[in-house]
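Listed below, chain by chain, are the residues.
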Amino acid sequence: NASTGFGIGRDRRAVSSYEILMDQSLAANAPLETLIPGLRIVPAVEGLAGAEIELAGAPNAAGRLKAAIAQFDSPDFVFIDCPPSLSLLTLNALVAADGVLIPLQTEFYAMEGLSQLLKTVEQVRARQNPRLDIEGVVLTMHDRRNRLSDLVAADVRAALGARVFETMMSG
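First, a word on scope: everything that follows refers to the structure included in this document.

Moving on to the packing of aromatic side chains. A full pass over the atoms with the stated rule returns two aromatic pairs. Ring centres of Phe-108 and Tyr-109 lie 5.2 Å apart, and the angle between their planes is 75°; on these two criteria the pair is classed as edge-to-face. The residues Phe-108 and Tyr-109 share a single accessibility class, namely exposed.

Turning our attention to the sheet that holds strand β4 (residues 133-142). As a general point, the strands of a sheet are linked pairwise by backbone hydrogen bonds and lie either parallel or antiparallel. If you trace the three strands from one edge of the open sheet to the other, you get β3-β4-β5, paired in parallel fashion. The two strands at the open ends of the sheet, each matched to only one other strand, are β3 (99-105) and β5 (164-170). Averaged over all neighbouring strand pairs, the angle between strand axes comes to 25°, with direction disregarded. As defined by bridge partners, β3 adjoins β4 across seven bridges and the pair is classed as parallel. Paired with Leu-104 across the two strands is Leu-139, which belongs to β4.

A few words on the pattern of salt bridges. Going through the model one piece at a time under the given rule, you end up with seven salt bridges. Where Asp-133 meets Arg-125, a salt bridge forms, and the shortest distance between an N and an O atom there is 3.6 Å. Here Arg-125 falls in the partly exposed class, since its relative accessible area comes to 22%. In this structure, Arg-145 engages Asp-143 in a salt bridge whose closest nitrogen and oxygen atoms are separated by 3.0 Å. Using a relative accessible area of 22% as the deciding quantity, one classes Asp-143 as partly exposed.

Procedures and definitions
- All residue numbers here refer to positions counted from 1 along the written sequence of the relevant chain.
- Where totals are concerned, whole chains, interfaces and linings use all residues; where local detail is concerned, this predicted model gives features only for residues with pLDDT of at least 70, and gives and counts side-chain atom pairs only at 80 or more.
- Note that water and hydrogens are dropped before the side-chain values are worked out from all heavy atoms of the structure.
- For Phe, Tyr and Trp, where Trp contributes only its six-membered ring, two rings pair if their centres lie within 6.5 Å, and the inter-plane angle classes them as stacked under 30 degrees, edge-to-face over 60, or tilted in between.
- Each residue is assigned to one of three classes by its accessible area relative to the maximum for its type, calculated with a 1.4 Å probe on protein chains only: buried under 20%, partly exposed between the two thresholds, exposed over 50%.
- We treat two strands as partners when DSSP finds at least two bridges between them.
- Strands are runs of DSSP state E lasting at least two residues, helices are runs of H or I lasting at least four, and both sets are numbered from the N terminus onward.
- Helix axes are fitted only over the stretch in contact, all axes being lines through C-alpha atoms; the angle between N-to-C directions runs from 0 to 180 degrees.
- For salt bridges, the criterion is a side-chain nitrogen of Lys or Arg within 4 Å of an Asp or Glu carboxyl oxygen.

Right under this line is the structure:
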């Protein structure tokens, strides 16, 4: 939805994140100008969901996004939005990234997902991307009326300390 939100109509989405994963040579022309000066987006399309199946067994399957981003015209920052699952698409993002910003709902099951994500980050750091670091955790959908929300926030702060941002997004 970011593409639509930033004014990129479907008619402008000829080269998407799906295409650059499949063919990194298309990446240089993929970032599209938005209504915000200096902000460019590589749109996602519905076909991205099938990329995982198509990439399975492909050479350098986990490093394709990194190769594509290397074709971009010297961006200051690249933000990669990932689904809330530890899939091949998320692995591509972790291999390509220098840092990870984790939005975390303050609810019980999110803690389990955070634990799995932290293990995955450690594995990627050890095997494929030694630059990868946790930049921070943003607590989201925090409900101050719910004691469990406060307990989860306290547990995350105890485990990750200063990496948890003070600002919380209410739900």
